Amino acid sequence: MPENSNCSGASSCSKESCEGCSHNPQSMLEEMNPYSDIKHVIGVVSGKGGVGKSFITSSLAVLMAKAGYKVGILDADITGPSIPKMFGAHGQIVGDEKGMYPFVTQEGIKIVSINLMMEDEEAPVVWRGPVIAGAVKQFWNEVVWGEIDYLFVDMPPGTGDVPLTVFQSLPVNGIVIVTSPQELVQMIVKKAFHMADMMHIPVLGVVENFSYLKCPDCGKKIALFGESKIDEVAASAGTKVLGKLPLDPAYAKAADEGKFYEIDNKDLDAAVSALKAI
């Protein structure tokens, strides 16, 4: 068995079963593109879809960029990419002998997404798990990211192939878990937390999206999806709440129009502080 096998020192593992094993996940780290210098890798995860994970990824990227950091987004949601549209990114990225070059927004945020590699951005990506996982690795080792202070990895929901690939293949410094107030989602949050714990990836904290709707007339906060239990969930998991975000039509409008950089999201100040502290 090769010395860098993920099952080094584990007599119960066979060579064939190494791919999904977590005895020594860092031994499977992929090499960074030689023309990239990435200081921090932050995963943004959710236990299920529909909680606004890409919204939080983009919000964090914008806030860190406005704070003066060099930022990139690796869109690892291969079958459901939404990052490019939020930033008005269209067209195909190019490459040369050094590798592929990310799309750079007018504000300087670098983006790599499968949608920026397809002639028809509305065409479905019908790939099996191993192929999708391979594409994520390529986004890391074949992309010329240049100098990046924070690379945010927008992951698909759940605890399947792509999160496992990212945790094992990229030097992830920490993850942000995104949830919403429903009790079912809170239960699934714990699955994401336990997966990170199994892979020895630090959880920076939890962000609750769709926390409330603020009445435009009286200012009252309306809990459309039930009362928040995120403080209790975070406490039981030994982590922090990094923000509670409202439902805001202005956010959706900016995302649809590709003007996400115009959003100033003060509800994520705690998340920004946590990122700066890494």
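Residues numbered from 1 in each chain as written. Predicted model: local features only at pLDDT ≥ 70, side-chain atom pairs only at ≥ 80, totals over all residues. Heavy atoms only, no water.

Chemist: Looking at this model, I keep getting lost on the overall build of the protein chain. Mind explaining?
Modeler: Scanning the protein chain from N- to C-terminus turns up 8 helices and 12 strands. Taken across its 278 residues, the protein chain has 51% of its residues classed as buried. Total accessible area on the protein chain is roughly 13200 Å²; 52% of this is exposed by carbon and sulfur atoms. (Helix = DSSP H or I, 4+ residues; strand = E, 2+ residues; numbered from the N terminus. Buried < 20%, exposed > 50% of the residue type's maximum accessible area, 1.4 Å probe, protein only. Areas by Shrake-Rupley, 256 points an atom, 1.4 Å probe, with all protein chains shown as cover.)

Chemist: Looking at this structure, I do not really get the packing of aromatic side chains. What am I missing?
Modeler: One pair of aromatic rings is described through two measures. These are the centre distance and the angle between the planes. Per the stated rule, a full pass over the model turns up 6 aromatic pairs. Grouped by ring-pair contacts, the aromatic residues Phe 55, Phe 87, Tyr 251 and Phe 260 constitute a single cluster. For the cation-ring pair, Lys 66 lies above Tyr 261, with the distance from its terminal atom to the ring centre recorded as 5.1 Å. Sitting above the plane of the Tyr 212 ring, Lys 221 keeps its charged end 4.5 Å from the centroid. (Phe/Tyr/Trp six-rings, centres within 6.5 Å; stacked < 30°, edge-to-face > 60°. Lys NZ or Arg CZ within 6 Å of the ring centre and 35° of its normal.)

Chemist: Just checking my understanding: could you explain the sheet that holds strand S2 (residues 71-75) for this structure?
Modeler: By way of backbone hydrogen bonds, the strands of a sheet pair with one another, either parallel or antiparallel. Strand order in the open sheet formed by 8 strands is S5-S6-S2-S7-S1-S8-S9-S12, and the pairing between neighbours is mixed. Since the sheet does not close on itself, it has two edges, and those belong to strand S5 (103-104) and strand S12 (241-244), each with one partner. Docked against the sheet, helix H3 (residues 129-141) engages strand S1 (36-45), S2, strand S6 (110-112) and strand S7 (146-154), running at close to 160° with respect to S2. (Pairing = 2+ DSSP bridges. Contact = heavy atoms within 4.5 Å. Axes fitted to C-alpha atoms, helices over the stretch in contact; angles between N-to-C directions.)

Chemist: Hey, could you run me through the side chain of Ser 36 in this one?
Modeler: Its place among the elements puts Ser 36 in strand S1. In terms of polar contacts, Ser 36 uses its side chain to reach the backbone carbonyl oxygen of Val 143, at 3.0 Å. Other than its neighbours up to four places away in sequence, Ser 36 contacts Val 143, Val 144, Trp 145 and Gly 146. (Polar contact = N/O pair within 3.5 Å; in protein donor to acceptor, adjacent residues only side chain to side chain.)

Chemist: Honestly, the confidence of the model for the protein chain in this entry has me stumped. Any pointers?
Modeler: When pLDDT is low, close inspection of the predicted coordinates is not appropriate. Across the protein chain, the average pLDDT comes to 86, with 89% of residues at or above 70. S7 holds the highest mean pLDDT among the elements of the protein chain, 98, whereas helix H5 (residues 183-198) holds the lowest, 80. Confidence drops under a pLDDT of 50 for residues 1-20, and excluding neighbours within four residues, the segment shows 30 contacts in the predicted structure. Long-range and interchain partners of residues 22-26, a stretch whose pLDDT sits below 50, account for 11 contacts in this model, where long-range means more than four residues apart. (pLDDT = per-residue confidence, 0-100.)

Chemist: Help me out: how do you make sense of the pairing of strand S8 (residues 174-179) in this one?
Modeler: Of all the 6 residues making up S8, 6 are buried; the element is thus mostly covered by neighbouring parts of the structure. Neither face of S8 is left uncovered, since the one carrying Gly 174, Val 176 and Val 178 and the one carrying Ile 175, Ile 177 and Thr 179 both have all their residues buried. Bridging between S8 and strand S9 (residues 203-208) involves 5 bridges; their strand directions are parallel. Bridged to Val 178 within S9 is Val 207.

Chemist: Explanation requested: a negative patch on the surface in the structure shown.
Modeler: Negative charge collects at one region of the surface, where Glu 119, Asp 120, Glu 121 and Glu 122 lie side by side. As for its placement among the helices and strands, Glu 121 is situated in the loop between S6 and H3. Relative accessible area serves as the criterion here: at 36%, Glu 121 is assigned to the partly exposed category. (Patch = residues over 30% accessible without salt bridge, like charges linked within 9 Å, V, L, I, M, F, W, Y side chains within 5 Å. Salt bridge = Lys/Arg side-chain N within 4 Å of Asp/Glu carboxyl O. Lys, Arg positive; Asp, Glu negative; His and termini not counted. Charge placed at Lys NZ, Arg CZ, Asp CG, Glu CD.)

Chemist: When you look at the environment of Ser 236 in this model, what are you seeing that I'm missing?
Modeler: Inspection of the secondary structure assignment puts Ser 236 in helix H6 (residues 230-237). Note: C-alpha distance between Ser 236 and Lys 190 (46 residues apart in sequence) is 9.4 Å. A polar contact of 2.8 Å, which involves the side chain of Ser 236, links it to the backbone oxygen of Val 233.

Chemist: How should the pattern of salt bridges be read in this particular structure?
Modeler: For side chains of opposite charge, pairing can occur when their charged atoms come near one another. Counted by the stated rule, this structure contains 11 salt bridges. Its salt-bridge partner being Glu 147, residue Lys 39 comes within 3.4 Å of it at the nearest N-O pair. Taken together, the positions of Lys 39 in strand S1 and Glu 147 in strand S7 put the pair 108 residues apart, joining distant regions of the chain.

Chemist: Would you explain a nonpolar patch on the surface in this entry?
Modeler: Together, Ile 222, Leu 224 and Phe 225 make up a nonpolar patch on the protein surface, roughly 250 Å² of accessible area in all. For Phe 225, a relative accessible area of 35% corresponds to the partly exposed category.

Chemist: How do you make sense of helix H4 (residues 161-169) when you look at a structure like this?
Modeler: Each full turn of the α-helix corresponds to 3.6 residues, which orients residues three or four apart in the same direction. Along H4, 7 of the 9 residues are buried, which leaves the element largely enclosed by surrounding structure. Burial in H4 covers these residues: Val 162, Pro 163, Thr 165, Val 166, Phe 167, Gln 168 and Ser 169.

Chemist: When you look at H3 in this model, what are you seeing that I'm missing?
Modeler: In a regular helix each residue adds 1.5 Å, so 13 residues correspond to 18 Å; H3 covers 19 Å between its end C-alpha atoms and thus fits that length. Every buried residue of H3 is listed here: Gly 129, Ile 132, Ala 133, Ala 135, Val 136, Phe 139 and Trp 140. When H3 is viewed along its axis, its buried side chains cluster within an angular range of 155° and face the same direction. Buried positions along H3 lie against S1, S2, S6, S7 and H4. (Expected span 1.5 Å × (residues − 1). Arc of directions from axis to C-beta.)

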